[in-house]
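Residue-level listing of the chains:
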Amino acid sequence: MAISVDAPNVSRNLCAKAGYTFTLLSDPNAEVIRKYDLLHVGAGTNGQDIARPAEFLVDSSGVVRWLNLTEDIRVRARPEQMMEASKALH
Amino acid sequence: METRRTNWSIWAGFLLSVVAAASYFLLFARFPTTRDVPWVNFLLFGLAAGLLGLGLRRAFVNHLVYRGKVAGPVLAVASIAIFGLFSFAIFVAAKRLPASQDTPHVGQKAPEFRLEDTAGRLVALSDLLSTPLFSGRVPKGVLLVFYRGYW
């Protein structure tokens, strides 16, 4: 599941274009992004506040089991890393 | 009348350095193997430097045959500036990130939230963790991916 400041219709277009089947959630006021302390102030193309990239694996009891907090916006967790991390869930 | 030959390698070198920078954002940033370390782009910058070096050599050493005494240094400086900006974007600007000290760590509870999905339905983290999957089983977990978005 992916979260950004994009409005639902922007995410809908992205889903349609890219063929994503996972849930995309909209956090236009960055409330949840702030709650997770991931706000990157003024980093949008027009100076908007956006999320810094981050990935969390949450287990069924709601506890974080793995996370990737990149130090470089270009470098994100790769699918195989996330698959490997998810093997620890049971 | 000008009879010396056009110093094409200077122009090719400059054009290649423009391509080296632009192709990262337009193409190579899409694939992790060429994005995380922009080796293709540095290779192109290397070729551009070779062409510019050859062009400058022709303009100054072989100046009776080739043109480019003005265009050579101007385009070489412009290419170095492009390389500098590209390197800054990759090695400095991309690493300017907030501290995020209070982000949930491994072993901590992921803060509950409720947000709209693409259909306008409100989705809570607790719903995602407790709603049975197609198989009828409760999910083992949820992967939360925060991304910059397209605004």
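Computed from a predicted structure; not experimentally measured. (Residues numbered from 1 in each chain as written. Chains lettered and ligands numbered in written order. Predicted model: local features only at pLDDT ≥ 70, side-chain atom pairs only at ≥ 80, totals over all residues.)

Draft legend 1. Here's a closer look at the overall build of chain A. In terms of helices and strands, chain A carries three helices and six strands. The N-to-C order of helical and strand elements in chain A reads β-α-β-α-β-β-β-β-α. Considered along the principal axes of its C-alpha atoms, chain A spans approximately 40 × 30 × 25 Å. Scored against the burial criterion, the 90 residues of chain A give a buried share of 33%. Pairs at least 24 residues apart make up 22% of the contacts formed inside chain A by residues separated by at least 6 positions. (Helix = DSSP H or I, 4+ residues; strand = E, 2+ residues; numbered from the N terminus. Buried ≥ 20, exposed ≤ 12 C-beta atoms within 10 Å, placed from the backbone. Contact = placed C-beta atoms within 7 Å.)

Draft legend 2. Molecular detail of helix H1 (residues 8-26) of chain B. Here H1 of chain B contains 19 residues, and its C-alpha end-to-end distance of 26 Å stays within 8% of the 27 Å for a straight helix at 1.5 Å per residue. Every buried residue belonging to H1 of chain B is among Ser-9, Ile-10, Gly-13, Phe-14, Leu-16, Ser-17, Ala-20, Ala-21 and Tyr-24 of chain B, and all of these are buried. (Expected span 1.5 Å × (residues − 1).)

Draft legend 3. Local environment of the confidence of the model for chain A. Per-residue pLDDT for chain A averages 91, and the proportion of residues at 70 or more is 100%. The least confident element of chain A is helix H1 (residues 8-18) of chain A, whose mean pLDDT is 87; the most confident is helix H2 (residues 31-35) of chain A, at 97. (pLDDT = per-residue confidence, 0-100.)

Draft legend 4. Here's a closer look at the environment of Ala-51 of chain A. Its location among the elements puts Ala-51 of chain A in strand E4 (residues 50-51). Along the sequence, Ala-51 of chain A and Phe-22 of chain A sit 29 residues apart, while their C-alpha atoms lie 19 Å from each other. Apart from the residues lying within four places of it in its own chain, the contact partners of Ala-51 of chain A are Ile-3, Ser-4, Val-5, Ile-33, Leu-38 and His-40 of chain A together with Phe-146, Tyr-147 and Arg-148 of chain B.

Draft legend 5. Expanded view of unusual backbone geometry. The backbone of Asp-37 of chain A shows a phi angle near 50°, a positive value even though the residue is not glycine. By the secondary structure assignment, Asp-37 of chain A is in the loop between H2 and strand E3 (39-40). Since 17 C-beta atoms lie within 10 Å of it, Asp-37 of chain A is described here as partly exposed. Even without a glycine there, the phi angle at Ser-100 of chain B is positive, about 50°. Its location among the elements puts Ser-100 of chain B in the loop between helix H4 (71-91) and strand E1 (114-116).

Draft legend 6. Structural context of the packing of H1 of chain B against helix H3 (residues 39-60) of chain B. Residue and element names in this part refer to chain B. At their nearest, the axes of H1 and H3 sit 7 Å apart, and the two run at 165° to each other. By the angle between their directions, the pair H1 and H3 is classed as roughly antiparallel. The interaxial crossing formed by H1 with H3 has left-handed handedness. Only Asn-41, Leu-44, Phe-45, Leu-47, Ala-48, Leu-51, Leu-52, Leu-54, Gly-55, Arg-58 and Ala-59 of H3 make contact with H1, whose side of the interface consists of Ser-9, Ile-10, Ala-12, Gly-13, Leu-16, Ser-17, Val-19, Ala-20, Ser-23 and Tyr-24. Of the residues belonging to the contact of H1 with H3, the class tally is 14 nonpolar, six polar and one charged. (Axes fitted to C-alpha atoms, helices over the stretch in contact; angles between N-to-C directions. Parallel < 35°, antiparallel > 145°, perpendicular 65-115°, else oblique. Left-handed = near helix turned anticlockwise from the far one by under 90°. Nonpolar A, V, L, I, M, F, W, Y, C, P; charged D, E, K, R; others polar.)

Draft legend 7. Focus on the interface of chain B and chain A. Taken together, the contact pairs 43 residues of chain B with 56 residues of chain A. Sorting the residues of the side of chain B that touches chain A by element identifies helix H2 (32-35), E1, helix H5 (125-130) and strand E3 (141-146) of chain B as the ones contributing at least two each. Among the elements that take part in the side of chain B that touches chain A, E3 of chain B stands out by supplying six residues, more than any other. Considering only residue class, the side of chain B that touches chain A consists of 24 nonpolar, 10 polar and nine charged.

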